[in-house]
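# Fold and geometry: a report
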Amino acid sequence: MRRGKRSGTAHLDVFDSASPVPHPRVGVVVPRHRHTIVERNRVKRRIREVLRREVLPRLAACNTNADVLVRARQAAYGVPYDELREELVRWTEKRCSRASSC
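For the rest of this paragraph, the subject is the pairing of strand β4 (residues 66–72). In terms of burial, β4 is a largely internal element, five of the seven residues being buried. Note that strand β2 (residues 12–18) and β4 share seven bridges and pair antiparallel. Counterpart to A18 in the pairing with β4 is A66. In this fold, the crossover linking strand β3 (residues 25–29) to β4 by way of helix α1 (residues 37–61) has left-handed handedness.

What follows is the structure, given as structure tokens:
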């Protein structure tokens, strides 16, 4: 989290940096924020699914070797899956356009 670029969405903090491996990698951090383990696991599963289905394929398609860490903010607990998906897809598109312009 200390190295690389930090950017945020309405409900998530996203950290990305160059990766030493030839493919993108992702990680998820979901703090407790005084919620139950059931709620925390639900948020974690939603984020992981978006990363698996949307973010990793897009990062691989734009030849981005990045380490990406997604940290859920407290507001992420009350957000539906579709909204988290839109935020992460939008972030990925910005990241890929930034990588292709370099």
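All right, on to the pattern of salt bridges then. Taken as a whole, this structure holds 11 salt bridges when the rule is applied. The residue E49 makes a salt bridge to R52 at a minimum N-O spacing of 2.7 Å. Taken together, the positions of E49 and R52, both in helix α1 and three residues apart, correspond to about one turn of that helix. Residue R52 is classed as exposed on the basis of its relative accessible area, which comes to 52%. Residue R58 pairs with E93 through a salt bridge whose shortest N-O separation is 3.3 Å. One end of the pair, R58, is in helix α1; the other, E93, is in helix α2 (residues 81–101), with 35 residues separating them in the sequence. Counted as one network, the salt bridges with shared partners bring together R6, D13, R71 and R73.

Thresholds applied
- Positions within a chain are numbered from 1, following the residues in the order the chain's sequence is written.
- With pLDDT at 70 or above as the cut-off, local features in this predicted model cover only qualifying residues; side-chain atom pairs require 80 or more to be listed or tallied, and sums for whole chains, interfaces and linings still use all residues.
- Working from all heavy atoms in the structure, the side-chain values ignore hydrogens and water.
- Three labels apply to residues, based on accessible area from a 1.4 Å probe with only protein chains included: buried if under 20% of the type maximum, exposed if over 50%, partly exposed otherwise in between.
- Numbering goes from the N terminus for both helices and strands, where a helix is a DSSP run of H or I of at least four residues and a strand is a run of E of at least two.
- For two strands to pair, DSSP has to find at least two bridges joining them.
- Think of it like this: strands point away, you trace from the first strand over the helix to the second, and a clockwise trace means the crossover is right-handed.
- Any Lys or Arg side-chain nitrogen found within 4 Å of a carboxyl oxygen on Asp or Glu counts as a salt bridge.

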